[in-house]
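Understanding the architecture of this molecule
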Amino acid sequence: MNSCKLYHVNPNSTLTIEYSYIFTGIILILAVACAFLWIKLVKAEKEKKVTETRFRQVEGQINSLQLETLESRLNPHLFKNILNSIQSHAYQTYFALDKLANVLDYILYESKNKFVTPKEEIEFALNLIEINKIKISPLFELKVKTKIDESEPLYGQSVLAPLISIDLIENAFKHADLQSEDSFISIIFEFKNNVFSLTVSNKISGKPPIKKDKGGIGSETLEQRLNIIYKGNFKLERFIEENVYIATLKIDLLEHKNKMLTAG
């Protein structure tokens, strides 16, 4: 006689298996969703980097065009002032022309570069001061000092915008009181801790300045160039203290270079 065996199926076990399948399915769905989101995130990050790169390229092109426009306005303005200085004192023409030759070389060749060395800019500025000295009496107090640490790494590197010192120097000679006994012009160049500093001060003339139809190009150009090139790495101040006009410019060249390297 054949015997029949009866198997009893536990309903709880069946439910457990079904819940296991459902849980596994949910895990798979979540895994697929996470993978999809991760792929979208990576793609979005790549698109963001491409957009930022394009933006920097466009910004650089705009800045270059602005600088070219500013420099094209600046150089003729500088030439006019230099020639006026030489013409006003013909007896010193030979000496002035020698200095002018150095200034012209700098403007024609070095100023075309986006950056020059602080050493080159300071040498140029000293030649410019010698030309402007033609305007004043030999008895006039003109103090020019240089406080330079030539061992600084950036002193001989091309990190300084050319012609950056023109405006402050020319304004001193243009607006100084050249007649009073206690009148003076003081110009101090400093290069320390990779910071370029220029401080120019002069006694203000009591006479009102001659009004001109066109003017202020130098001051406007300087601030625009500094904002474009150095952004938050410079400090430009102009103020009057006891009838003395003081202008100071400081540029943190090391910080600027670090930002350029990081951006690159």
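A quick note: this is a predicted structure, and the numbers were derived from the prediction, not measured.

1. Description of the nonpolar core
In this structure, Ile164, Ile187, Phe189, Phe196, Tyr230, Ile251 and Leu253 are the most contacted members of the largest nonpolar core, which totals 33 residues. At the level of secondary structure, the elements contributing two or more residues to this core comprise α3 (118-132), α4 (166-175), β2 (184-192), β3 (195-203), α5 (217-229) and β5 (244-252). If we skip the residues at most four places from it in the chain, Ile187 touches Ile129, Lys143, Val144, Lys145, Ile169, Phe173, Leu198, Thr199 and Val200. Ranked by size, the runner-up nonpolar core spans 10 residues in total, among them Val103, Ile107, Leu128 and Ile166.

2. Some thoughts on unusual backbone geometry
Positive phi, close to 55°, is recorded for Asn193, a residue that is not glycine. In this structure Asn193 comes out as exposed when scored by relative accessible area, which is 54%. A positive phi angle, near 60°, is found at Asn194, a position not held by glycine. Within the secondary structure layout, Asn194 lies in the loop between β2 and β3. The exposure class of Asn194 is buried, given its relative accessible area of 8%.

What counts and how
Residues numbered from 1 in each chain as written. Predicted model: local features only at pLDDT ≥ 70, side-chain atom pairs only at ≥ 80, totals over all residues. Heavy atoms only, no water. Core = buried A, V, L, I, M, F, W, Y, C linked by side-chain atoms within 4.5 Å. Buried < 20%, exposed > 50% of the residue type's maximum accessible area, 1.4 Å probe, protein only. Helix = DSSP H or I, 4+ residues; strand = E, 2+ residues; numbered from the N terminus. Contact = heavy atoms within 4.5 Å.

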